[in-house]
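Descriptive analysis of the structure
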Amino acid sequence: MASKRSKHLLPGFGLTLGVSMLYLTIIIVLPLLAMLLKVGGMGFEEFWRIVASNRSLAAYRITFSSAFIATIFNGALGLLLAWVLTRYSFPGKRILDALVDLPFALPTAVAGLVLVTLFAPTGWYGQFLEPNGFKVNYTQLGIIIAMTFTSIPFVVRAVQPVLEEIQVDLEEAAQTLGATRWQIFARVIWPTILPAFMAGCVLSFARSLGEFGAVVFIAGNLPGLTEIVSLLIFIRIDEYNYEGAAALAFVLLLAAFVTLLLTNALQSWQVRYADRSR
Amino acid sequence: MTRATRSTAEMIFITLAFVFAGALLVVPLAVIFAFALREGLGVYLANIAEPATLHAIGLTIFTAIIVVPINIVIGVCIAWLVTRFRFPGRQVLITLIELPAAVSPIVAGTVYLFLYGGQGLLGPALQGAGIQLMFTVTAIILVSLFVTAPFVARELIPLMQQQGTEDEEAALSLGANGWQMFWFVTLPNIRWAILYGAILTNARVMGEFGAVSVVSGSIRGQTNTLPLQISQLFNDFNVTGSFAAASTLALMAVLTLILKSTLEAKGGWR
């Protein structure tokens, strides 16, 4: 009886394969293909002229540097929040835990509206920052803050489950062997959470690269100064310059693909690490 | 490491966590309702009842009602396929479904423009047949399906992988047919994860801004979803009206967080 069974024990292979392929083709593959055809049809010289123009280069510089700074800040904040949420018990812990996901639940346009209002010269935060020389609205600092807000949860949610699973006996063994608390963190805890931490940072960075809604409210959108890549694409579409939009969208798509591959690699590193330490 | 009293480091870390969470999360949430209500409840209600805002609320809810169920069906379908069978191209399929979450929403809108737009791949042919997709509600729905494609599947795949196939095989050997097995065995095992994915999908659909702003044309009273309406009110210097519209989405976000946290406490799948 068992030997008669084919490799597909359970029913539904044909049905789910058909539905999934059809859906993914219509919703994801066909639109991507349409854009790739547009890029392919414009010729390399034209493509290069667009993606290497001064305005584009300035937009990459602003987008990538802002995303980088936002990611570093979120790496530190994410580590702190994950640590506090897994290691200590205190009143309000569950609310803090739920609140961490607010940037995922709150629409980006609402986030942008809130941030531009808070950091306005008369706003709740702006009235204290502006007299001290920190101008946020319509500067790169505003872009960095918008990117930071929208990607707060990534590092917390990546590190939290790993911190929860670290065996306490490892730490206790280190302690009995005379390690200080700092040594325990640096030699035992940090190496274990590193892959997850990196994966969270990559996701945070990718999200910041693509962020649009929150940034356009606060950035002021001055070409060469506070114009991010997503916004430049949007402007090109508005000008009916579809070649310009396609070439830049291709650059962002490529960046997304690289981050996706990087996350997959980091995740398999994490799995291998977890298996080895078991 | 149980201690009766908190160490200095512990106190500092907890305080820092609350300070940052307060400044970056609690205050932004509070400012929405403070500004929406700053001219009194009457003005707030009048702002919500503004026809363009009311229409945007309706369109946003309508889009979610269409997109969320489709996402559930497809998510279950894809999760069943990749967790129950091994076949060539399986890994490509898993990567493909994750791609929309990694790209900028502006790119999502742009690729649809190049498919259905006036100069797009299929746009001219469809226009010849009298079908206009760009700048319609249909385009908003399609692009929303794109950006939320991974949301349900990504909750189900790890869960179904971990649950294995024993229950389902037992049902089949006891004489259940495929649909009975799915309805009475598979579905009860994954229903909380489906709900979890549906809540996340709903939040993203209702809040999507970048992708929708490319394909909707932002026609007031026609193709303006709530996020677009918020942006237009703000650009018209109607800040209180903008915050009133935003408060509806903020309520949705708070509800999302409460449901999410309740589900996490209840289910053991994460």
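Keep in mind the model is a prediction, meaning the values are calculated, not measured. (Residues numbered from 1 in each chain as written. Chains lettered and ligands numbered in written order. Predicted model: local features only at pLDDT ≥ 70, side-chain atom pairs only at ≥ 80, totals over all residues. Heavy atoms only, no water.)

Within chain B, the secondary structure is distributed over 13 helices and zero strands. Helices (α) and strands (β) of chain B occur, in sequence order from the N terminus, as α-α-α-α-α-α-α-α-α-α-α-α-α. Summarising its shape, the C-alpha atoms of chain B cover approximately 75 × 65 × 30 Å along the three principal directions. When the 270 residues of chain B are sorted by exposure, 53% land in the buried category. Intrachain contacts of chain B at a sequence separation of at least 6 include 72% that bridge at least 24 residues. When the accessible surface of chain B is split by element, carbon and sulfur atoms take 67% of a total near 11,500 Å². (Helix = DSSP H or I, 4+ residues; strand = E, 2+ residues; numbered from the N terminus. Buried < 20%, exposed > 50% of the residue type's maximum accessible area, 1.4 Å probe, protein only. Contact = heavy atoms within 4.5 Å. Areas by Shrake-Rupley, 256 points an atom, 1.4 Å probe, with all protein chains shown as cover.)

Attention shifts here to the overall build of chain A. Scanning chain A from N- to C-terminus turns up 14 helices and zero strands. From first element to last, N terminus to C terminus, chain A shows the α and β order α-α-α-α-α-α-α-α-α-α-α-α-α-α. Taking 278 residues into account, the globule formula puts the C-alpha radius of gyration at 19 Å, and chain A, at 23 Å, lies well above it. Overall, chain A is about 75 × 65 × 35 Å in size when its C-alpha atoms are taken along their principal axes. (Rg over C-alpha atoms; globule rule 2.2 N^0.38 Å.)

Let us look at helix H13 (residues 229-238) of chain A. The buried count for H13(A) comes to seven of ten residues, which makes it a mostly enclosed element. Along H13(A), the residues that are buried comprise Val229(A), Ser230(A), Leu231(A), Leu232(A), Ile233(A), Arg236(A) and Ile237(A).

This next bit is on the interface of chain A and chain B. By a widely used convention, the size of an interface equals the accessible area lost when the partners come together. Every contact between the two is made by 82 residues of chain A and, on the other side, 89 residues of chain B. Buried area between chain A and chain B, summed over both chains or domains, comes out near 7,500 Å², and the portion from carbon and sulfur atoms is 82%. Linking chain A with chain B are one salt bridge. The partner of Lys260(B) in a salt bridge is Asp101(A), and the shortest N-O contact between them spans 2.5 Å. At the boundary of chain A with chain B, the tally comes to seven residue pairs in polar contact (both at pLDDT 80 or more). Among the elements that make up the side of chain A that touches chain B, the one with the highest residue count is helix H1 (residues 13-40) of chain A (20 residues). (Buried area = accessible area lost by both parts, 1.4 Å probe. Salt bridge = Lys/Arg side-chain N within 4 Å of Asp/Glu carboxyl O. Polar contact = N/O pair within 3.5 Å; in protein donor to acceptor, adjacent residues only side chain to side chain.)

This brings us to the domain arrangement of chain A. Residue and element names in this part refer to chain A. When the domains of chain A are assigned, the result is domain 1 (15-52) and domain 2 (54-276). In this structure, domain 1 and domain 2 have C-alpha centres spaced 28 Å apart. Tallying the contact residues gives eleven residues for domain 1 and 14 residues for domain 2. The three residues of domain 1 that bury the most area against domain 2 are Met 35, Ile 50 and Val 51, which together make up 42% of that side's buried surface. Viewed at the interface, domain 2 and domain 1 are joined by zero salt bridges. (Domains from an automatic or database assignment.)

This brings us to the domain arrangement of chain B. Residues and elements named next belong to chain B. As assigned here, chain B comprises domain 1 (7-36) and domain 2 (41-266). Distance between the C-alpha centres of domain 1 and domain 2: 30 Å. Taken together, both faces of the contact between domain 1 and domain 2 bury some 630 Å²; the carbon and sulfur share is 87%. Counting the contacts that link domain 1 with domain 2 gives zero salt bridges. Between domain 1 and domain 2 we count zero residue pairs in polar contact (both at pLDDT 80 or more) in total.

Of all hydrophobic cores here, the largest spans 175 residues; its most connected members are Leu106(A), Ile233(A), Ile32(B), Tyr112(B) and Leu156(B). When sequence neighbours within four positions are dropped, the list of residues in contact with Ile233(A) reads Ala245(A), Leu248(A), Ala249(A), Leu252(A), Ile106(B), Val107(B) and Thr110(B). (Core = buried A, V, L, I, M, F, W, Y, C linked by side-chain atoms within 4.5 Å.)

This next bit is on the pattern of salt bridges. Residue and element names in this part refer to chain A. In total, this model carries twelve salt bridges over all chains according to the counting rule given. In this structure, Asp 97 and Arg 157 form a salt bridge, with 2.9 Å as the shortest nitrogen-oxygen distance. You can see Asp 97 sitting in helix H4 (residues 93-99) and its partner Arg 157 sitting in helix H9 (residues 153-165), a full 60 residues away along the chain. On the accessibility criterion, Asp 97 (25% relative accessible area) is partly exposed.

Glancing now at helix H10 (residues 178-207) of chain B. Count 3.6 residues to each turn of an α-helix, and residues three or four apart come out pointing the same way. Residue and element names in this part refer to chain B. Between its first and last C-alpha atoms H10 spans 37 Å; for 30 residues at 1.5 Å apiece the expected length is 44 Å, and the helix comes up short by more than 12%. Along H10, the helix axis deviates most sharply at Leu 187, where the bend reaches about 55°; the proline Pro 188 sits within four residues downstream. The opening residue of H10, the one whose side-chain oxygen lies 3.1 Å from the backbone nitrogen of Trp 179, is Asn 177. (Expected span 1.5 Å × (residues − 1). Bend = angle between axes of the 7 residues up to and from the residue.)

Even without being glycine, Asn221(A) reaches a positive phi, approximately 55°. Along the chain, the position of Asn221(A) falls in the loop between helix H12 (213-219) and H13. Phi at Phe135(B) is positive, roughly 60°, even though this residue is not glycine. By secondary structure assignment, the location of Phe135(B) is in the loop between helix H6 (123-128) and helix H7 (137-147).

Turning to the packing of aromatic side chains, a few remarks are in order. Residues and elements named next belong to chain A. Under the defined criterion, the tally for this structure stands at 25 aromatic pairs over all chains. Measuring from ring centre to ring centre gives 6.4 Å for Phe 44 and Phe 47, while their planes differ by 40°; the resulting arrangement is tilted. Residue Phe 44 and its partner Phe 47 are both found in helix H2 (residues 44-51); the two are separated by three residues, about one turn of the helix. Residues Phe 119 and Tyr 125 carry aromatic rings whose centres are separated by 5.5 Å and whose planes lie at 65° to one another, so their mutual orientation is edge-to-face. With relative accessibility at 9%, the residue Phe 119 sits in the buried group. By the ring-pair criterion, three or more aromatic residues cluster together here, those being Trp 83, Trp 182, Phe 185, Trp 190 and Phe 197. (Phe/Tyr/Trp six-rings, centres within 6.5 Å; stacked < 30°, edge-to-face > 60°.)

This paragraph deals with the environment of Gln167(A). Structurally, Gln167(A) is set in the loop between H9 and helix H10 (168-176). Note: C-alpha distance between Gln167(A) and Ile189(A) (22 residues apart in sequence) is 9.8 Å.

What follows deals with a nonpolar patch on the surface. Together, Val29(A), Leu33(A), Leu37(A), Leu121(B) and Leu122(B) make up a nonpolar patch on the protein surface, roughly 370 Å² of accessible area in all. Position of Val29(A) relative to the elements: it lies in helix H1. Assessed through its relative accessible area of 31%, Val29(A) is described here as partly exposed. (Patch = residues over 30% accessible without salt bridge, like charges linked within 9 Å, V, L, I, M, F, W, Y side chains within 5 Å.)

Attention now goes to the confidence of the model for chain B. Mean pLDDT over chain B works out to 91, with 97% of the residues at or above the 70 mark. The least confident element of chain B is H6(B), whose mean pLDDT is 88; the most confident is helix H3 (residues 51-84) of chain B, at 96. (pLDDT = per-residue confidence, 0-100.)

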